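Here is what each chain is made of, one letter per residue.
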Amino acid sequence: MKQLVEPLSNSTLRTLTSPMRALLTCFLLTIGIGYIMALFYLFLVDIDPHQKTGMKIVDGLSMKYGGQPDKTLLETALRGSMSDRLDPSDKQEIVRWIRAGAIANDYEKVQPIFEKNCIACHSAKSGLPVPPLTTLEEVRKITQVDTGASISKLARQSHVHLFGIGIIFLLTGAIFAMSGVSKKWRIVIIILPYVMIWADIVAWWVTKYLPVFAHVVLIGGGLMGLALALQILISLWDMWFKNVDPVSSGVQRET
């Protein structure tokens, strides 16, 4: 480890050996593509379903974390993240059953819909972290009023994001720290994503009770993505395209 760290501490990105630059480039590109895929997934789950119903992004985030006091969990899912999984007629049939009180005698009308469209994922056998919908009792658990993300869910998502994203920005930040950007701006761009992930996660919790903080969730996520993009793009530019002073480049010689 000492043999790896000492040469890097005295180098810039452009003066690293070609194999080391190739390794770091592959890592940065992989992280960048992974982040784009994550954004695409968020679009499919949190944005597109709500836009189809005419809902704004901020309103969708408020609903995700704070819920909808006038709707049940199941109805919210049918109009949001699960909206494209069922035919419109099937969705309306389930919504009618829910609003009629989710009566046991009428369950036979909607049971075939659950069996056809939901059981594959929403069952104990699937192993997925989603509520099972195989019996009337299980379905009734999510025909309660939608109070948004639970405290346990927020705690789980918070620690996963803090650990995972914290490590990612440690690595991308360490690479970016060797770029030719001025020291002041390197410090700003290295610290920015950490501040934004802290603000983003705090806003999740606050939005559950104060919907206006959904704006902070949106802004925090956007600035975090911008900081990551700057770290990746500037680092790649420095490694492969930036001109190097022949005298300063003698700090480390390629082998």
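Here the structure is a predicted model, which is why all the values come from computation and not from measurement.

Asker: Tell me about the overall build of the protein chain, and please be specific about residues and values.
Answerer: When helices and strands are tallied, the protein chain shows ten helices and two strands. When the helices and strands of the protein chain are placed in sequence order, the string is α-α-α-β-α-α-α-α-β-α-α-α. Against the globule reference of 18 Å for 255 residues, the protein chain gives a C-alpha radius of gyration of 24 Å, more extended than a compact globule. Counting every position in the protein chain, which comprises 255 residues, the buried fraction comes to 35%. Restricting the contact set of the protein chain to residue pairs at least 6 apart, pairs at least 24 apart contribute 71%. On the protein chain, roughly 15200 Å² of surface is accessible, and the fraction owed to carbon and sulfur atoms is 67%. The protein chain carries 25 positive and 20 negative side-chain charges, and their two centres are separated by 8 Å.

Asker: Just give me the short version of the confidence of the model for the protein chain, but keep the residues and values in it.
Answerer: Predicted coordinates in regions of low pLDDT should not be interpreted in detail. Summarising the model, the protein chain shows a mean pLDDT of 86, and 91% of its residues fall at 70 or more. Under a pLDDT of 50 for its full length, residues 247-255 has, in the predicted model, 15 contacts with residues more than four places off or in other chains.

Asker: Tell me what's going on with the nonpolar core, and back it up with residues and numbers.
Answerer: Counting residues in hydrophobic clusters, the biggest one holds 27 residues, and the most contacted among them are Leu-13, Leu-24 and Tyr-65. At the level of secondary structure, the elements contributing two or more residues to this core comprise α2 (18-52), α3 (57-66), α8 (151-176), α9 (183-207) and α10 (214-240). In terms of residue count, α10 provides more of this core than any other element does, seven residues in total. Once residues within four sequence positions are removed from consideration, Tyr-65 is found in contact with Thr-147, Gly-148, Ala-149, Leu-154, Trp-204, Thr-207, Lys-208 and Val-217. Among the nonpolar cores identified, the runner-up in size contains 17 residues, and Leu-78, Tyr-107, Phe-114 and Leu-133 belong to it.

Asker: Outline helix α6 (residues 107-117), supporting the account with residue identities and numerical values.
Answerer: Residues spaced three or four apart along an α-helix face the same direction, because each turn holds 3.6 residues. Residues Tyr-107, Val-110, Ile-113 and Phe-114 constitute the buried set of α6. The buried residues of α6 all sit within an arc of 125° when viewed along its axis, so they share a single face. Across from the buried face of α6, at angles greater than 90 degrees, the exposed residues are Glu-108 and Lys-116. Buried residues along α6 sit in contact with α4 (73-79), α5 (88-99) and α7 (136-140).

Asker: Describe in detail the packing of aromatic side chains, supporting the description with residues and values.
Answerer: Scanning the model with the defined rule gives five aromatic pairs in all. When the centroid spacing of 5.8 Å and the interplanar angle of 45° are considered together, the rings of Trp-97 and Tyr-107 count as tilted. Linking Trp-97 in helix α5 with Tyr-107 in helix α6, this pair joins segments that are ten residues apart in sequence. Taking the relative accessible area as the measure of exposure, Trp-97 reaches 4% and is therefore buried. Members of the aromatic cluster, connected to one another through ring pairs, are Trp-97, Tyr-107 and Phe-114. When the ring centre of Trp-240 is taken as reference, the NZ or CZ atom of Arg-21 above it lies at 4.6 Å.

Asker: So, the packing of α8 against α10: which residues are in play, and what are the values?
Answerer: At a minimum axis separation of 9 Å, α8 and α10 run at an interaxial angle of 35°. Handedness of the crossing formed by α8 with α10: left-handed. Mapping the contact onto sequence places Ile-165, Phe-169, Thr-172, Gly-173, Ile-175 and Phe-176 in α8 and Met-224, Leu-228, Leu-230, Gln-231, Ile-234 and Ser-235 in α10.

Quick notes on the rules
Residues numbered from 1 in each chain as written. Predicted model: local features only at pLDDT ≥ 70, side-chain atom pairs only at ≥ 80, totals over all residues. Heavy atoms only, no water. Helix = DSSP H or I, 4+ residues; strand = E, 2+ residues; numbered from the N terminus. Rg over C-alpha atoms; globule rule 2.2 N^0.38 Å. Buried < 20%, exposed > 50% of the residue type's maximum accessible area, 1.4 Å probe, protein only. Contact = heavy atoms within 4.5 Å. Areas by Shrake-Rupley, 256 points an atom, 1.4 Å probe, with all protein chains shown as cover. Lys, Arg positive; Asp, Glu negative; His and termini not counted. Charge placed at Lys NZ, Arg CZ, Asp CG, Glu CD. pLDDT = per-residue confidence, 0-100. Core = buried A, V, L, I, M, F, W, Y, C linked by side-chain atoms within 4.5 Å. Arc of directions from axis to C-beta. Phe/Tyr/Trp six-rings, centres within 6.5 Å; stacked < 30°, edge-to-face > 60°. Lys NZ or Arg CZ within 6 Å of the ring centre and 35° of its normal. Axes fitted to C-alpha atoms, helices over the stretch in contact; angles between N-to-C directions. Left-handed = near helix turned anticlockwise from the far one by under 90°.

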